Amino acid sequence: YIFEPKKTKTQKVLLYIHGGGFVYKGGKNHYDFCKKIAEGGLCTVVYVDYRLAYQYKYPTPLEDAFAAYEYVLKNQKKYKKIMIAGDSAGGCLAVDVIRKAK
């Protein structure tokens, strides 16, 4: 999902990866957080809804998160500053994306 600021244009993007122990889908609080960041005009938010561990073995969630990162890279003309973050399991995936990117 992509959440765009409505009132301002920005070249910053936050790749946000939700928590949930790798087995729970992101909840309303994750969507609300992403909307609030975007609506505040801080940046565009690319929300990663990765495939979950009870159906897919690791590294599938990392592959999904990295694919979202590659999407952001392909749109570098639009996004000049890339930030990556997540909560709980999403934080783990965020670190893995950064390590894989290096």
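Residues numbered from 1 in each chain as written. Predicted model: local features only at pLDDT ≥ 70, side-chain atom pairs only at ≥ 80, totals over all residues. Heavy atoms only, no water.

Draft legend 1. Expanded view of the side chain of His30. Its place among the elements puts His30 in helix H1 (residues 28–39). Using a relative accessible area of 9% as the deciding quantity, one classes His30 as buried. Here Gly27 takes part through its backbone nitrogen, which lies 2.9 Å from a polar atom of the side chain of His30. With residues up to four places along the chain from it excluded, the contact list for His30 reads Tyr16, His18, Gly19, Tyr47 and Asp87. (Helix = DSSP H or I, 4+ residues; strand = E, 2+ residues; numbered from the N terminus. Buried < 20%, exposed > 50% of the residue type's maximum accessible area, 1.4 Å probe, protein only. Polar contact = N/O pair within 3.5 Å; in protein donor to acceptor, adjacent residues only side chain to side chain. Contact = heavy atoms within 4.5 Å.)

Draft legend 2. A look at the nonpolar core. Grouped together as the largest cluster of nonpolar side chains are 18 residues, with contacts concentrated most on Leu15, Ile17, Val48, Tyr50 and Val97. Of all the secondary structure elements, the ones that give two or more residues to this core are strand E2 (12–17), strand E3 (44–48), helix H2 (60–74) and helix H3 (89–101). With 6 residues, the single largest contributor to this core is H2. Among the nonpolar cores identified, the runner-up in size contains 9 residues, and Leu14, Ala38, Cys43 and Val45 belong to it. (Core = buried A, V, L, I, M, F, W, Y, C linked by side-chain atoms within 4.5 Å.)

Draft legend 3. Geometry of the sheet that holds strand E1 (residues 2–3). Spatially, E1-E3-E2-E4 is the arrangement adopted by the 4 strands of the open sheet, whose pairing is mixed. Single-partner strands in this sheet number two, and they are E1 and strand E4 (81–86). Each of E1, E2 and E3 touches H1; the most contacted strand, E3, lies at about 160° to it. In this fold H3 packs onto E2 and E4, with an angle of close to 140° to the strand it touches most, E4. (Pairing = 2+ DSSP bridges. Axes fitted to C-alpha atoms, helices over the stretch in contact; angles between N-to-C directions.)

Draft legend 4. Structural context of the side chain of His18. Residue position: His18 is located in the loop between E2 and H1. Assessed through its relative accessible area of 0%, His18 is described here as buried. For His18, the contacting residues outside a window of four places in its chain are Tyr24, Lys25, Gly26, His30, Tyr47, Val48, Asp49, Tyr50, Leu52, Asp87, Ala89 and Gly90.

Draft legend 5. Focus on the packing of aromatic side chains. This model, assessed by the stated rule, comprises 6 aromatic pairs. Centre to centre, the rings of Tyr1 and Tyr31 are 5.8 Å apart; their planes meet at 85°, and the pair counts as edge-to-face. Here Tyr1, found in the segment before E1, pairs with Tyr31, found in helix H1; they are 30 residues apart in sequence, far enough to count as distant. Residue classification places Tyr1 among the exposed residues on the basis of a relative accessible area of 53%. (Phe/Tyr/Trp six-rings, centres within 6.5 Å; stacked < 30°, edge-to-face > 60°.)

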